[in-house]
Amino acid sequence: MREELEPEDDTTRPAREKSAEVKPLAAGVLRRNDLDTWTKPGPSLYPHQWSWDSAFIALGLAHLDNRRAKRELETLFSSQWASGKVPHIVFNPEAPPQSYFPDAERWSSAALSSDAPSSPHTSGLCQPPVHAIAVLRIWETARGREERRIELARSFLRDSYPRLLAWHLYLATARDPEGSGLVTIYHPWESGMDNSPRWDETLEAVEIGDLPPYTRYDLKHVSDPSHRPSDEEYDLFLWLLELLKKARYDEATIYESHPFLIKDVFFSAILVAANEALLQIAAVVGAPEEERTLIEGWIERGRESLEERWDPDLRLCLDYDLRAEKSARVRTVAGFAPLIAGGLSEERLEDLLETLDSSSFAGNPRLCWPVPPSTSPEEAGFHPRSYWRGPTWPVAEWLLWYSLIRAGKPERAEKLRRVSLEQLARGGFAEYFEPFTGEPLGSPDQSWTAAVALDFLAVGSG
Ligand code: 9WN
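All of the points below concern the structure found in this document. (Residues numbered from 1 in each chain as written. Predicted model: local features only at pLDDT ≥ 70, side-chain atom pairs only at ≥ 80, totals over all residues. Heavy atoms only, no water.)

## Examining the sheet that holds strand β4 (residues 262-263)
Read across the open sheet, the four strands follow the order β3-β4-β7-β8; overall the sheet is antiparallel. Single-partner strands in this sheet number two, and they are β3 (184-185) and β8 (326-327). Bridging between strand β7 (residues 320-321) and β8 involves two bridges; their strand directions are antiparallel. Across the sheet, residue D321 finds its bridge partner in β8, namely K326. (Pairing = 2+ DSSP bridges. Helix = DSSP H or I, 4+ residues; strand = E, 2+ residues; numbered from the N terminus.)

Encoded structure:
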């Protein structure tokens with residue numbers, strides 16, 4: 001039976017009291033998923049290191065243990081490809097057999113590309129570049145502390161800066177050969193929003209060829225298969241992977257032949273926000289002027305190109321399919337990309353805030369908590385229980401909160417932070433939540449959910 005949550009019951013308890021309970025619980029989740037040098041995204045569903053999860057985890061850990069936070073990112077970046085790419089998965093050689101598919105063998109990254117490290121094995125894709133934001137948070141939590149701690153953090157920034165620069169350079173060049181300011185993704189897994197209806201039209205046009213057989217292991221870790229992508233979606237994911245392997249993960253070959261080439265506005269906006277963070281890091285480490293100018297150029301170009309992807313009717317930003325030469329006209333949380341990228345005109349900011357609070361998103365009257373669902377409940381492709389097709393995701397809430405603060409909207413940010421924390425205080429640190437009932441879904445004790453809770457608590461007023 002479905003457990004319905006009733007937030008009204010709890011209104012008499014002060015928010016501060018509930019927050020005090022959240023912190024040790026969130027810290028406990030990170031501790032239990034901790035494998036010493038990196039953290040599992042979830043206790044059983046995700047037994048390897050994931051790229052953007054680790055970035056969020058590091059910014060949460062920064063409030064508990066600065067050294068451990070640094071280690072999280074150092075571990076991830078030690079598997080950076082020679083091209084600068086940060087792989088979306090670093091495989092854990094100790095993971096139980098048959099725990100996650102596709103596994104290292106299926107990816108065969110090191111066998112196919114000389115850019116890939118061979119130990120540990122990695123996947124051939126990447127994920128949104130939240131890392132510089134996390135590095136900056138580590139610096140911010142150390143500042144104002146004792147001199148030794150500040151010096152250690154500065155030295156971490158010095159080590160991280162060239163790696164981050166190489167990563168962003170890879171995204172600005174190999175992933176944007178057009179010099180458009182927008183990043184091209186090759187697979188829904190790269191977006192971090194795997195089965196979002198953003199990809200439906202593109203995927204419908206993909207013809208699956210001779211797909212080697214496989215067994216899904218993810219379904220044994222969730223209480224109900226409808227929370228996860230469908231078998232049809234998995235076949236498409238696996239087929240795209242076969243095509244990338246056929247191209248030996250070579251960017252130029254992929255660009256010539258691959259059927260999934262999308263200018264992802266959400267990924268691109270995170271890159272702009274991460275470039276803002278990188279610019280601050282560059283200042284701390286005294287990076288050369290020409291590198292700072294390069295980063296400033298990326299920020300400017302990214303913002304301009306996101307503005308070009310604005311849809312005045314939906315009042316959201318839309319992805320662009322390079323093969324089909326058309327926009328994906330679906331309302332998802334990714335459409336708030338310009339808010340994440342920042343530097344907006346008053347008018348555009350107001351448009352975005354109105355969309356955010358409209359019935360298409362956080363103002364929908366059926367919602368349990370006024371937080372934006374991953375897909376608008378007014379969309380045909382909306383599904384309240386299926387992964388990125390409707391559930392609310394605390395990491396997406398964190399990104400919008402962080403962006404509202406940067407946009408100079410502290411009150412709106414604070415409202416989102418409080419509601420998001422209430423949701424977690426009631427529902428625990430689930431991977432995602434049913435938007436109408438608040439039911440926790442997906443993997444329980446998800447690390448990045450706990451991590452953003454810690455950041456919400458530390459940075460907000462509690
Ligand atoms: C595929 C780990 C990852 C997140 C993604 C989320 C989900 C993987 C999966 O889990 O993706 O990469 O197996 O579903 O969509 O954003 O990084 O938490």
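## A look at helix α18 (residues 447-459)
Look at α18: 18 Å from first C-alpha to last across 13 residues, which is about the 18 Å you get at 1.5 Å a residue. Burial analysis of α18 places eleven of its 13 residues in the buried class, which makes it a mostly covered element. (Expected span 1.5 Å × (residues − 1). Buried < 20%, exposed > 50% of the residue type's maximum accessible area, 1.4 Å probe, protein only.)

## Comments concerning the site of the ligand
Taken together, 17 residues sit near the ligand, with D53, Y100, G192, D194 and Y387 positioned nearest. Taking W50, its side chain carries an N or O atom lying 3.0 Å from an oxygen atom of the ligand. Coverage of the ligand by the protein chains reaches 100% of its 410 Å² of free accessible surface. Given that more than half its atoms are within 2 Å of the pocket grid, the ligand belongs to the largest cavity. Residues belonging to the shell around the ligand are distributed by class as follows: ten nonpolar, four polar and three charged. (Near = heavy atom within 4 Å. Polar contact = N/O pair within 3.5 Å; in protein donor to acceptor, adjacent residues only side chain to side chain. Areas by Shrake-Rupley, 256 points an atom, 1.4 Å probe, with all protein chains shown as cover. 1 Å grid on protein atoms, 1.4 Å probe; cavity = no way out; pocket = protein on both sides within 12 Å on 5 of 7 lines; lining within 4 Å. Sits in = over half its atoms within 2 Å of the grid points. Nonpolar A, V, L, I, M, F, W, Y, C, P; charged D, E, K, R; others polar.)

## Side note on unusual backbone geometry
The amide bond that connects F101 to the next residue, P102, takes the cis arrangement and shows omega of 5°. As for its placement among the helices and strands, P102 is situated in the loop between β2 (89-90) and α4 (104-107). Residue S119 is joined to P120 through a cis peptide bond whose omega torsion reads -5°. Following the sequence through the fold, P120 ends up in the loop between α5 (109-112) and α6 (131-142). Phi angles above zero are rare outside glycine, and D36 is one such case at about 85°. Along the chain, D36 falls in the loop between α1 (15-32) and β1 (49-50). Even without being a glycine, Q98 presents a positive backbone phi close to 55°. Within the secondary structure, Q98 sits in the loop between β2 and α4. Its relative accessible area of 52% is what places Q98 among the exposed residues.

## Describing the nonpolar core
By size, the foremost hydrophobic cluster in this structure holds 145 residues, and its most contacted members are F56, I133 and W398. Among the elements that make up this core, the one with the highest residue count is helix α12 (residues 265-285) (13 residues). (Core = buried A, V, L, I, M, F, W, Y, C linked by side-chain atoms within 4.5 Å.)

## Quick word on empty space enclosed by the protein
What the rule picks out here adds up to five cavities of 30 Å³ or more. Here the largest cavity defines a volume of roughly 200 Å³. Lining the largest cavity are 19 residues; nearest its centre among them are Y46, W50, Q127, D194 and Y387. Residues that form the lining of the largest cavity fall into these classes: eleven nonpolar, four polar and four charged. (Points joined across faces, edges and corners; volume = space filled by probe spheres on them.)

## What to know about the packing of aromatic side chains
This structure, assessed with the given rule, holds 27 aromatic pairs. Measuring from centroid to centroid gives 5.0 Å for F336 and F361, while their planes differ by 75°, and the two rings are edge-to-face. Within this pair, whereas F336 is found in the loop between β8 and α14 (337-341), its partner F361 is found in the loop between α15 (346-357) and α16 (394-406), the two being separated by 25 residues in sequence. Assessed through its relative accessible area of 0%, F336 is described here as buried. Of the residues examined, F361 reaches a relative accessible area of 0% and is grouped as buried. Aromatic pair W401 and F456: ring centres 5.0 Å apart, planes at 75°, arrangement edge-to-face. Taken together, the residues span a long stretch of sequence, with W401 in helix α16 and F456 in helix α18 at a distance of 55 residues. For the pair W401 and F456, one class covers both residues: buried. Within the aromatic cluster, the residues linked to one another by ring pairs are W52, F56, F266, Y387, W388, W393, W398, W401, Y402, Y432, W448 and F456. (Phe/Tyr/Trp six-rings, centres within 6.5 Å; stacked < 30°, edge-to-face > 60°.)

## A word on the environment of A453
Secondary-structure assignment places A453 in helix α18. What makes A453 buried here is its relative accessible area of 0%. When the C-alpha positions of A453 and L243 are compared, they lie 38 Å apart, and in sequence the two are 210 residues distant. Those residues in contact with A453 that lie beyond four places of it in its chain are V22, A26, L421, L424 and F429. (Contact = heavy atoms within 4.5 Å.)

## Side note on the pattern of salt bridges
With the rule as written, the count across this model stands at 36 salt bridges. D264 serves as the salt-bridge partner of R198, at 2.7 Å between the closest nitrogen and oxygen. Residue R198 is found in the loop between α8 (188-191) and α9 (200-204), and its partner D264 is found in the loop between β4 and α12; the two are separated by 66 residues along the sequence. Here R418 ties to E414 by a salt bridge, and the two come within 2.9 Å at their closest N and O atoms. Separated by four residues within a single helix, R418 and E414 lie in helix α17 (residues 410-427), roughly one turn from each other. In the salt-bridge network here, residues are joined through shared partners; they are E307, R315, R348, D351 and E354. (Salt bridge = Lys/Arg side-chain N within 4 Å of Asp/Glu carboxyl O.)

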